[in-house]
Amino acid sequence: MSPEQQRHPQVQADLAQARRVVAETQSKSTRPAPEASKHSARLPKTVVQLSSANNKKVPGARSKSEWEQKFQSWQKPSPVKAQDVMNWRPSYPSKPDLKQKMMSGAQGFLDMLPPDVAKSLGKVNIDLAASLRKGVPAQYFPDTNTITFSHMQMGGHNELQVRKLMWHEMAHWLFDKAGDANADPHLKAWRAKVEQHWQDRTKGQQTRTHPVEQWKYIRDSWLSDYVGRLYPGETTGLELPAIYMEEAAVGPLRLVWLGQYDSCAQETFDIILSIFQK
């Protein structure tokens with residue numbers, strides 16, 4: 001292949017994809033690389049409104065105004081800017097509007113975090129691949145500190161859909177950084193609360209196997225089976241903070257809806273979103 005052919009965007013994308021496959025294979029022997037799956041990324045095109053279904057509502061569920069007050073107290077312009085934190089390294093050529101949606105979603109997440117926590121995180125690499133494994137729109141690789149998104153899966157997503165995926169993967173990144181020895185004390189304490197919540201909810205429960213994809217999980221009464229997914233060598237469900245953050249990305253109305261019809265959702269959201277407390 002001539003040097004000119006090697007510089008072709010599709011050839012470069014294919015080479016980058018091959019490198020990622022090798023890196024993913026190697027990382028399996030060290031740390032798990034959590035992925036956003038078709039089981040978790042149910043991506044609405046609009047914010048889910050309150051249902052008029054005749055389900056029995058959970059007594060004491062937080063109201064719309066209560067959740068809105070919490071979001072207003074959390075969401076402040078952050079001194080940490082997405083363009084400074086997100087090290088944009090796409091392997092696949094993308095349109096500027098997709099990058100803008102991704103950076104907007106990332107900034108929304110950073111604006112929710114206490115500034116000291118956001119500053120302590122450092123940078124994370126952002127890669128856009130032609131595709132990932134079938135059904136996987138994004139994946140966080142802790143060994144390389146990289147969040148990789150699949151252009152095939154998310155190329156046509158609107159801003160809300162991209163925001164949900166970005167919050168999911170940034171939650172993986174946040175939880176991973178919270179495990180560092182020199183992590184911010186607030187971040188460490190948050191991870192400890194999440195891990196304790198996992199242990200309390202899953203104690204004594206049996207491990208199941210997904211009938212098609214064969215991953216292990218503990219069902220409990222999480223929002224989905226995928227919340228309880230178990231990765232090799234991990235004692236806490238890594239999808240727990242990611243999926244609940246993904247739902248929070250939709251906004252207060254979504255949390256109201258989930259809290260009204262799921263007896264455990266509000267407690268879990270309170271623990272996962274406690275990291276936003278300023």
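Asker: Now, about the environment of lysine 278: what can you tell me, with residues and values included?
Answerer: If you trace the backbone, lysine 278 turns up in the segment after helix H12 (265-272). Linking lysine 278 and proline 115, residues 163 residues apart in sequence, is a C-alpha distance of 8.5 Å. Dropping the residues within four chain positions of it, lysine 278 is found in contact with Ser73, Trp74, Gln75, Lys76, Asp111, Met112, Leu113, Pro114 and Pro115.

Asker: Go over the packing of helix H8 (residues 159-177) against helix H10 (residues 239-248), please, and point to the residues and values.
Answerer: Running from N to C, H8 and H10 point in directions that differ by 145°, and their axes come no closer than 8 Å. Our pair here, H8 against H10, has a crossing hand that is right-handed. Seen from H8, the contacting residues are Lys164, Trp167, His168, Ala171, His172, Leu174 and Phe175; seen from H10, they are Glu239, Pro241, Ala242, Ile243, Met245, Glu246, Glu247 and Ala248. Among the residues forming the contact of H8 with H10, the class breakdown is 9 nonpolar, 2 polar and 4 charged.

Asker: Got a sec to walk through the environment of histidine 151? Specific residues and values, please.
Answerer: Along the polypeptide, histidine 151 turns up in helix H7 (residues 151-154). When the C-alpha positions of histidine 151 and serine 94 are compared, they lie 8.0 Å apart, and in sequence the two are 57 residues distant. Contact partners of histidine 151, with chain neighbours within four places excluded, come to Tyr92, Pro93, Leu98, Leu128, Ala129 and Ala130.

Asker: I'd like to hear about the side chain of serine 274, residue by residue, with values.
Answerer: Its place among the elements puts serine 274 in the segment after H12. In this structure serine 274 touches His186, Trp190, Lys193 and Phe269, once residues within four positions along its chain are discounted.

Asker: I'd like a description of the confidence of the model for the protein chain, backed by residues and values.
Answerer: Mean pLDDT over the protein chain stands at 86; residues scoring 70 or higher make up 82%. Predicted confidence for residues 5-29 stays below pLDDT 50, and this span has 24 contacts to residues more than four positions away or in other chains. Note that pLDDT drops below 50 for residues 41-55; the model gives that stretch 35 contacts with residues more than four away or on any other chain.

Parameters and conventions
- Residues numbered from 1 in each chain as written.
- Predicted model: local features only at pLDDT ≥ 70, side-chain atom pairs only at ≥ 80, totals over all residues.
- Heavy atoms only, no water.
- Helix = DSSP H or I, 4+ residues; strand = E, 2+ residues; numbered from the N terminus.
- Contact = heavy atoms within 4.5 Å.
- Axes fitted to C-alpha atoms, helices over the stretch in contact; angles between N-to-C directions.
- Left-handed = near helix turned anticlockwise from the far one by under 90°.
- Nonpolar A, V, L, I, M, F, W, Y, C, P; charged D, E, K, R; others polar.
- pLDDT = per-residue confidence, 0-100.

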